Every structure is written in C-alpha cells, then in structure tokens.
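Observations on the three-dimensional arrangement
Residues per chain, in single letters:
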Amino acid sequence: MRMKPAALMVLAAMQMLMNVQAADAAVPAPSAPVATNVAAAPVQVTRVEGINEFRLSNGLRVLLAPDASKPTTTVNVTYMVGSRHESYGETGMAHLLEHLVFKGTPSLPGKTIVQEFAKRGMRYNGTTFFDRTNYFETFAASDDNLDWALKMEADRMVNSNVWRSDLDTEMTVVRNEMEMGENNPGRILFEKMTAAAYQWHNYGKSTIGARTDVENVNIDHLQAFYRKYYQPDNAVLIVTGKFDEAKTLARINEYFGSIAKPARTIEKLWTLDPVQDGAREINIARVGDASLIGALYHVPQGSAADFAAVSALSQILGDTPNGRLYKALVEKKKAAGVEGEALALHDPGFMVLFAQLGKGQSRDEARRILLDVVEGIKKQPITEAEVKRAKTALLNQLDKTLSDPVRFGVSLSEAIAQGDWRLFFVERDRIEALTAADVQRAAENYLIESNRTFGQFIPTEKPVRAQFAAAPDVAALVKDYKGKAEQSAGEAFDPSPLNIEKRTVRFDLPNGAKVAFLTKQTRGNTVNGQIVLRIGDEKGLFGKKYVAEATASMLKRGAGKMSRQEIADKLDELKAKVAVADRLGSAVIVGFDTRRAQLPELIALLKDILRAPSFPEAELDRLKTEWITTIEEQRRQPDAIANNELGRSTQIWKKGDIRFTDSFDDQIAAIKAIKVADIKAFYQQFYGAASAQIALSGDFDAQSVRDDLKAAFGDWKAKSKFTRVADPFVATKAKELKYETPDKANANFLAALTIPLRDDSPETPALQIANRVFGGGGLKSRLADRLRQKEGISYGSGSGLSLNPHDANAVLFMYAIFAPQNLPKLQAGVKEELDRLIKDGITEQELAESKSGLLQSAQIGRTQDASLAAALANQLYVGRTMQYTADQEDKLKAVTVEQVNAVIRKYFKPEALVQVVAGDFANAAKKAEAADKK
C-alpha cells in the first residue's frame, strides 16, 4: 500500500526525465572513433576520498572510483547540456537528443546496442535535466563488459546517427511520454509553478519541452546541437565499482583519447532572472478528486554557501513525520500528506513544498496554514533539535550514497552539473558545519512573500526582496580540497550461487523461526536484512484483509514508549532504514539496513516495533486519511483502473477472502470502518515469529547477532498458527474490457493469461526465455521492437512472468501505455506479435541473448545485499538453498530453441488472454471524427 498520495510522488520524478527503462537481460562490437592523432597520456588532476580525476588531452574529464566489494561496474557519461542550454523554439531538444542517441551509430546500430545490453544483463538508462544529460550502464564486472561499454560510449559520443527517420519514429514515443506526465496532477502543477516563477531563465521551462517545439524540431538544428555539446571537452566519464584502474585508464585513453578536441567554443550562458518583487499564483482546473497546493521559493545555486542551509530548511519543513508542515497539516487533519525539496542547480534554483488534501479538507485553510508555517519562521525560530535532526537525515543520505558505487557514480552527475564533482563533498562538509543561526538567516532571507510563487501576482506597497550573493568561483572553491579519509573497502565477493551457499549459515530459533546468515566485508560496514512474519490461515483471515494491512502499516507509528517521531529519530541516529509491508494479509515483510556497529541497537528497536506496537488512535486517523486519499486519486487514473479491473475480472474468490479484489468504493468503505480495537485484536491473535524467516547479508558479528535475535524473537509465538493460503490455477478465458477515463491524455493496456506451471516445473526455464523474448527483455523484446522502436506508439511496453513456488499457477501478463487514439494500432500490434511468436517461435540468437541476459541479471541481483537477504529468507520459507538456484541456472543454460517453441505453442493461448484498456477513448474518437470532416 502506498501511504504517500500519488500526486506527491512528483519531486523525484521531476528531477530527471527517464528516457530508457532499465533492462535486465555474437553481435558486432562498437568501433572506437577513428584516431586523429596519438593520444597523449592522461594527466592526473586531483584525488579526493578515493576518487582520482584525470584529464585527457582533448579535454575529457575522467573520474575513477574503484570498489572491489561489489562485483559490478558502472560506466557513466555526463554531458554538460540540458534544457538550460536550449534556444528559443528548441525546448525539449536535449531530451529528444537523449532518445536519438540510443538509435546507434554507423558501426553500431540501435538494435545492436539494445541486443548487447540484453545479452550482458546490463542495467542502463539515459536521463535529462536542466543542466546535464547523462547515460550509464551497470553490469557484472568483467573486462569484456567494461571494454564494450567504453567503446560504445566513445562511439556514440561523436558518431551517433541523429537521422530524420529515427526522429519521425521517436516523435510519437516522446509525445506519449508527455501525455503520461499530463496524467499526474503534481507534475502538471510543478511545471506551471516553475513557469510562473521564472520570467526569463530556462528553469521555468519543462525539460521535456513545449509540444510544438518537439513536434516541429528542425533536424539540422538537432544535429548541430549534438555536434556542439556531445564532445569530450564538454563531458565527464565516471567509472565506479570493480575494475582495474590502470588498465581501465589505458582503455579510456585509447577509445576516448583519439577523439579530436573540437575547434568550436561553447559560449557561457548569462541569462538570470531578476529578484522576484511580488508573490505570484497559478491555478489549474482538471479532472480529479484530490486537491494539491504548493509554494515555490527562489534559492541560490547548489554551489552557493547558503544552499546547505536551504537543504536543511526543506527537511525541517517537508519531512514526514517530523517536519513542521506535517505536524501543522497532516497531524491536525488539514491535509493528507506533505512533501518538500530544494533543487541544487547550476544557477539560482528553487525550493518547492506541496500539500495534498483529501475530500472535505479546506484548500483555503491548508493554504493559510502552509504559508504561516513557511513564512512564519521569524516568529517561530528554527531550533537546535530541528537542525540536528535535519543534518542527521541529510548526512545519512550522503553516507548511503558513498557506500553504493552505482548510486554514487550516478549522483556525481548532479554535482558535475553544478560546476564540479567535488561539490558533492563540499556540500557534505557545509551540512556538517551548519548551525541553527545559519538556517534561521536563510529562512528569513528566502522564505518571504515577495519571493514566493503560489500562482497569482500580488502588488505590494513596500516590496521586500531576497538578497543574493554573487555566484561563487567553483574552481577556486575546490582547488585545494582534499576531503576526508576514504571509507573502509569491502571484500571482492563472488556472487555465484554455490559460493553464497558455501558461506551461508542456517539455524532455528527456539520457537521454530528459521534464520540464514551471510557474513562478508562490505563498503562502509553495511548490513541488510529481512524478517518475514507468516500469519493466519484462510479461514481466520477472512474479512480481515484491510485490518491486516492497517496493522502492518501502524507498526512504525508508535511502539513501546516511543512515538512515531521518536522512532524516526532513532532510525536516523542508527543510520538505519526500516520498511514494513503487508502481503495479502498473510505475511508481514520487514526489510532493514544499517551499519555493523548499530545493528544490535536496531534489533532492539525492531523488537519494540514488532512486539510492542502502541497503535495510537491519532496515527490510525492519519493513516486512513492518507490511504483513502490515495485510492480516491486512483479512481480516475488509467493504470490504476486497468489494474483493478483486471484483478476483478479474473477472480473466483468470495468477497472477504484475502485474495478477493475489491472495487475502489468497497476499499474506501472497508478502510473507514477500521478501528483501533480491530487492529489490536488482529495483532494479539495472529502476530508471532514461530513461522518467521529471518535473513541477514553483510558485515556483522554472527554470534552476537544470533544471541540478539534469540533474545528478541526466540520466544514469540502467535495464538493462531500459520497455514499457507493456496493460490490454485484457474484458467483464464478471452475477454476484452474497456473503461473510459475522461480528460486523461494517456491510456493503459493490461493483459494476462494463467499457465499451470510452478517455478520448478521442467518447462519453466523455457517459459522464462519465451517471456523474455516476447516482452520481458526491456527495449530488446518483440513487443518493444514493434510498439516503440518500429511504430513509436508506446513509451513503455512489455511482458512479465509471475511464478509460484507452491502452486502450479504462473501468470503471463502484458502491458503498454499509449495515446487513446492509437488503441487500434496497439491491439493489432500485440495480436500480430503474439501470433507471430506462436507461429514462428524464437531464433537461436534470441535464445542465446535471453540466456545471457537472464543469468547476468540474476548475478547482478545477488551482488545487492538487500535482494540477497530477501532471496535467502524466501528460500527458508520454501525449503530451498542456493544449490537449487545453481541447478535452475544449469537447466536454463541447457534449454534448446525447440523446447522454448514447444512451450510457446503449448501455453501462449490467445483464446485465454484477458485484456483491459482504460483511457479517454471517447474524446479521441471525437477528435478523429472532427479531423475527418476537415
């Protein structure tokens, strides 16, 4: 269950426009650029906290951050170009170019790039934001994978095709992406607020661009834009993870160093907005149920000394559950949720704060409270306790980033976009040095009425304007910066199933709970774990689905003698994260992570959370408001409607069964009826650890943690024993369902059919390959090739496979987002590709690429301690070990084309396919009819 209303999930999404979905999964290798001269040796520029910066003779900056503790490598190329660099009439050009770069080069066609990504199981993406564009690939560490990725990035740096034909095809995909954003109230409000806040600067324009600019883009201008900005002297190459530094630097110099330094110069951009001299306001009226309000304030650039204080302010105001806005609005039932963030940009940026309201909550009253809280800090000064809490949270985020080579490499792109990668560490140092006086001064300077955009301009007799210092000299700021001591390095860990099995220790607690330990040295001494409580049975859980979900959601909202705020503060103090999720009422999954030194205290805290929850009445009221607001918002969203109706159309269970899918109205009614007494009774009856599975992976003392777990959970038993609720096979029958969602620019397609196989059935490996070829291989799949690459009608499409370890009940599902007017093309494309798959089967090349992608993707998953702990916990439940995983991978390797094609013909049955579409089809038909009359 998503506790934060969906419209409030806008801030992270708005920080970048994702062009390519991450893909899990012998063709020509990319060609390195033709050498124009013998590249001079790279020059080392500086070293900060384990990161070495080099400069090639053509101006390319290279950052190398080796870390052997996780056997993956990430290659990231950041270009100093984003929507800030676009000229009049060219909005969206940086983002559109990001799409076209994936279309390939003369020596490396786009299909070949996607094939290699899939074959190598690479996780990849391209992102565009205001100040930069970046591309990255994460893959299993090997010389071959790294060599290919470096060659590919060097090739497309200067040799990308950027053809008119590719632009015409991709245009509808980008338009589909635009329409997808138009379905999100928060994203639309965000775009309109920034447009009102900026008079001249390009930060007031959405990165995705104006529809007219994108649709009418001049290909010559786009190609010139590419040649200007995609050059070595305007790029930073980052390699993180496991790799040989000397060998990698030599490869980089070979592939990138031969690219000539361009003769052109990139002129400095000088446009800045004047200091705002009056409050502004924008109002938007669109179809929806939940209200959303927001306030935006101009703040200095990310490199400015004041930005650390601004970051702390966004935490103090917008955090859940400790922020001032949460306490003033959510706790007092004036809003359903709040969110806030300050964006660190190259030029003066902004802080934005949102509040979402449920039905019956006053927008005027919420506005008054929000503005009183934000602009009333002079009357209610920032406290030392608030600053301490904000600093702890911000520093923990940075600390976690430093411990994750993948996340760290990509995060450096943002600091690079601000002016220099070392700003990442400078900002950390500034946060550490923050005082309450610093934050108070920033609040009084920036969080004022005349600097606010709520929408409408309001003149004032005596304007009060924020004062901005001159932009800092970043080069001088970081010139002699040395940073701090490097983090402790982890071991070079082999993620093969048999090695994991060799190092895994399993045992039972006195009450029967099963435990698995995998100890290893990790970067930053991190440890991840999962506790799964199995509860109830089919009869006992009947009619208690929503009470079960509410019980799990209430665990962290008060326990022992601690309030929700105190629990959140304690987790920050322990550098820990705890997530609690309910799975269909019959399992409670508790995922956690922390450091070795803090693990004993975290286990003690988990004992309180799980064994002594207090279930405060006020928190239940807030939970219900948030929950209901989310569901009310989903009523009009095509994806939510399609998903709900697909579940309802295929179910066979009685209402009240935990497997039953309720309508939105019934969900709301059930939530409203929940009482604290219901939750307490459910907890007392069903909660215990006798049937639990507990798994930890990472850096910890096995014997002491074993004793801690025994003391915390070894004697905990539920009154009612756990019995697994079966999920038997029920054959689907062909059905097409269509639902109207007025005023929604984007439509959603979902389809499913059931297959009578378990995850360990002899035919399952062939089924997995069949799914990957059809739609499960990301951009390299039959569905993506047809719907996105060839016809350009879907930004995201594919298939998936749900496998069950207990019951022979697999589910093959398909999905796509599209413009409503393209429904006939969408349905025809899916049908034709499914028919072709059944008739012709797959090829030997598709078989090889799918095997490679599946195996390497699984290997990457085993390098992540969180997913590894989850896998070990699941194996304890099912009664398996990593030997089973090794055996299944051997079976996958042995699958033949004939076996895959036999499975396709046997189980891929169009006559059993249930299809659901949701969108504004009526309006699309009217537009088509009007166009025909012209």
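So, here is what we can say about the structure in this document. (Residues numbered from 1 in each chain as written. Predicted model: local features only at pLDDT ≥ 70, side-chain atom pairs only at ≥ 80, totals over all residues. Heavy atoms only, no water.)

Quick word on the overall build of the protein
A tally of regular secondary structure across the protein gives 34 helices and 28 strands. Taking 30 Å as the expected radius of gyration for a compact globule of 934 residues, we find that the protein reaches 28 Å, a close match to that expectation. Overall size of the protein, expressed as C-alpha extent along the three principal axes, is 70 × 70 × 70 Å. Burial statistics for the protein: of 934 residues in total, 59% are counted as buried. Positive and negative charge centroids in the protein, built from 123 and 119 side chains respectively, lie 3 Å apart. (Helix = DSSP H or I, 4+ residues; strand = E, 2+ residues; numbered from the N terminus. Rg over C-alpha atoms; globule rule 2.2 N^0.38 Å. Buried < 20%, exposed > 50% of the residue type's maximum accessible area, 1.4 Å probe, protein only. Lys, Arg positive; Asp, Glu negative; His and termini not counted. Charge placed at Lys NZ, Arg CZ, Asp CG, Glu CD.)

Overview of the packing of aromatic side chains
The way to describe two aromatic rings as a pair is by their centre distance and the angle between their planes. Applying the stated criterion to the full structure yields 29 aromatic pairs. The interplanar angle of 55 degrees and the centroid separation of 6.3 Å between the aromatic rings of Phe 722 and Tyr 877 together place this pair among those described as tilted. Note that Phe 722 is positioned in the loop between helix H26 (702–713) and strand S24 (735–740) and Tyr 877 in helix H31 (residues 865–878), a separation of 155 residues in sequence. One aromatic cluster is present, built from ring pairs that chain together Tyr 79, Phe 102, Phe 117, Tyr 124, Tyr 135, Trp 148, Tyr 226 and Tyr 230. Note that Arg 706 overlies the ring of Phe 507, its terminal NZ or CZ placed 3.8 Å from the centroid. (Phe/Tyr/Trp six-rings, centres within 6.5 Å; stacked < 30°, edge-to-face > 60°. Lys NZ or Arg CZ within 6 Å of the ring centre and 35° of its normal.)

Some points on unusual backbone geometry
The omega torsion of the bond from Thr 320 to Pro 321 falls at 15 degrees, within 30 degrees of zero and hence cis. Located in the positive-phi region is Lys 333, a residue other than glycine, with phi close to 60 degrees. Tracing the backbone shows Lys 333 in the loop between helix H11 (324–330) and strand S13 (337–342). Classification of Lys 333 by relative accessible area gives partly exposed; the value is 46%. Within the chain, Asp 743 stands out as a residue other than glycine whose phi angle is a positive 65 degrees.

A short note on empty space enclosed by the protein
Put simply, the second largest cavity is a space of about 70 Å³. Taken together, Gln 315, Ile 316, Asp 319, Asn 322, Gly 323, Arg 324, Glu 386, Arg 389 and Ala 390 form the lining of the second largest cavity. Elements with a minimum of two residues in the lining of the second largest cavity: helix H10 (307–318) and helix H13 (384–402). It is H13 that contributes the most residues to the lining of the second largest cavity, three residues altogether. Residues that form the lining of the second largest cavity fall into these classes: two nonpolar, three polar and four charged. (1 Å grid on protein atoms, 1.4 Å probe; cavity = no way out; pocket = protein on both sides within 12 Å on 5 of 7 lines; lining within 4 Å. Points joined across faces, edges and corners; volume = space filled by probe spheres on them. Nonpolar A, V, L, I, M, F, W, Y, C, P; charged D, E, K, R; others polar.)

Comments concerning the pairing of strand S23 (residues 693–698)
Regular strands have side chains that alternate between both faces of the sheet. Of all six residues making up S23, six are buried, and the element is well covered by its neighbours. Burial along S23 is two-sided: Gln 693, Ala 695 and Ser 697 and Ile 694, Leu 696 and Gly 698, pointing in opposite directions, are all buried. As paired strands, strand S18 (residues 526–534) and S23 are joined by six bridges and run antiparallel to one another. Bridge pairing in S23 places Gln 530 opposite Ala 695. (Pairing = 2+ DSSP bridges.)

Some thoughts on the side chain of Gln 418
Here Gln 418 shows up in helix H14 (residues 405–418). With near-sequence residues (within four places) excluded, Gln 418 lies in contact with Gly 302, Ser 303, Ala 344, Leu 345, His 346 and Leu 423. (Contact = heavy atoms within 4.5 Å.)

Comments concerning the packing of helix H27 (residues 764–776) against helix H30 (residues 844–862)
It is the contact of H27 with H30, at a shortest axis distance of 9 Å, that shows an interaxial angle of 105 degrees. Taken together, the axis directions place H27 and H30 in an arrangement best described as roughly perpendicular. Packed against H27, whose contacting residues are Gln 768, Ile 769, Arg 772 and Val 773, the element H30 presents Glu 846, Leu 847, Ser 850, Lys 851, Gly 853 and Leu 854 at the interface. A per-class count over the contact of H27 with H30 returns four nonpolar, three polar and three charged. (Axes fitted to C-alpha atoms, helices over the stretch in contact; angles between N-to-C directions. Parallel < 35°, antiparallel > 145°, perpendicular 65-115°, else oblique.)

Points about the sheet that holds strand S27 (residues 810–818)
Sheet architecture is open: five strands sit in the order S24-S28-S25-S27-S26, paired in mixed fashion. Each of the sheet's edge strands pairs with one partner strand only, and the pair in question is S24 and strand S26 (797–802). Mean inter-strand twist for the sheet, computed between neighbouring axes without regard to direction, equals 15 degrees. Judged from the five bridges that link them, strand S25 (residues 747–755) and strand S28 (residues 914–919) form a sheet pairing that is antiparallel. Residue pairing in the sheet places Phe 749 in a bridge with Val 917 of S28.

A short note on the nonpolar core
Core analysis: the largest hydrophobic core is formed by 70 residues, its most contacted members being Ile 531, Leu 533, Leu 602, Tyr 687, Leu 696, Leu 709 and Phe 713. Setting aside residues up to four positions removed in sequence, Ile 531 forms contacts with Val 588, Ile 589, Val 590, Phe 592, Leu 606, Leu 610, Gln 693, Ile 694 and Phe 713. If you look at the next biggest cluster of nonpolar residues, it comprises 67 residues, including Phe 307, Tyr 326, Phe 425 and Ala 443. (Core = buried A, V, L, I, M, F, W, Y, C linked by side-chain atoms within 4.5 Å.)

Examining the pattern of salt bridges
Using the criterion set out here, one finds 68 salt bridges in the structure. Put simply, Glu 53 and Arg 55 hold a salt bridge, and the shortest N to O gap is 3.9 Å. In this structure Glu 53 comes out as buried when scored by relative accessible area, which is 2%. Asp 168 serves as the salt-bridge partner of Arg 164, at 3.1 Å between the closest nitrogen and oxygen. With Arg 164 and Asp 168 both in helix H5 (residues 164–182) and four residues apart, the pair spans about one turn of that helix. Given a relative accessible area of 45%, Asp 168 falls into the partly exposed group. One salt-bridge network, in which partners are shared between bridges, spans Asp 143, Asp 147, Lys 151, Lys 247 and Arg 251. (Salt bridge = Lys/Arg side-chain N within 4 Å of Asp/Glu carboxyl O.)

Details of the sheet that holds strand S21 (residues 577–583)
Pairing in this open sheet of six strands is mixed, and the strands run S16-S17-S23-S18-S22-S21 from one edge to the other. Here the strands that pair on one side only, and so sit at the sheet edges, are strand S16 (504–508) and S21. Ignoring strand direction, the axes of neighbouring strands in this sheet form an average angle of 10 degrees. Note that S18 and strand S22 (residues 587–595) share nine bridges and pair antiparallel. If you follow Gly 529 over to S22, its bridge partner there is Phe 592.

Thoughts on the side chain of Ser 586
For Ser 586, the location among the structural elements is in the loop between S21 and S22. Excluding anything up to four places from it in sequence, Ser 586 contacts Leu 533, Arg 534, Ile 535, Leu 541, Ile 658 and Phe 722.

Overview of helix H33 (residues 897–907)
Regarding H33, the residues found buried are Val 897, Val 900, Asn 901, Val 903, Ile 904 and Tyr 907. Along the axis of H33, the buried residues cluster in a sector spanning 155 degrees; they form a single face. For H33, the exposed residues set more than 90 degrees away from the buried face come down to Glu 898 and Arg 905. (Arc of directions from axis to C-beta.)

Overview of the environment of Lys 719
By secondary structure assignment, the location of Lys 719 is in the loop between H26 and S24. Each C-alpha atom of the pair Lys 719 and Asn 901 lies 50 Å from the other, and the pair is 182 residues apart in sequence. Apart from the residues within four sequence positions on either side, Lys 719 is in contact with Gln 684 and Gln 685.

Quick look at H5
If you check H5, its first and last C-alpha atoms are 27 Å apart, about what 19 residues at 1.5 Å a residue would give, namely 27 Å. The largest bend in H5 comes to about 30 degrees, at Glu 170. Buried residues of H5: Asp 166, Leu 167, Thr 169, Glu 170, Met 171, Val 173, Val 174, Asn 176, Glu 177, Met 178, Glu 179 and Gly 181, and no others. (Expected span 1.5 Å × (residues − 1). Bend = angle between axes of the 7 residues up to and from the residue.)

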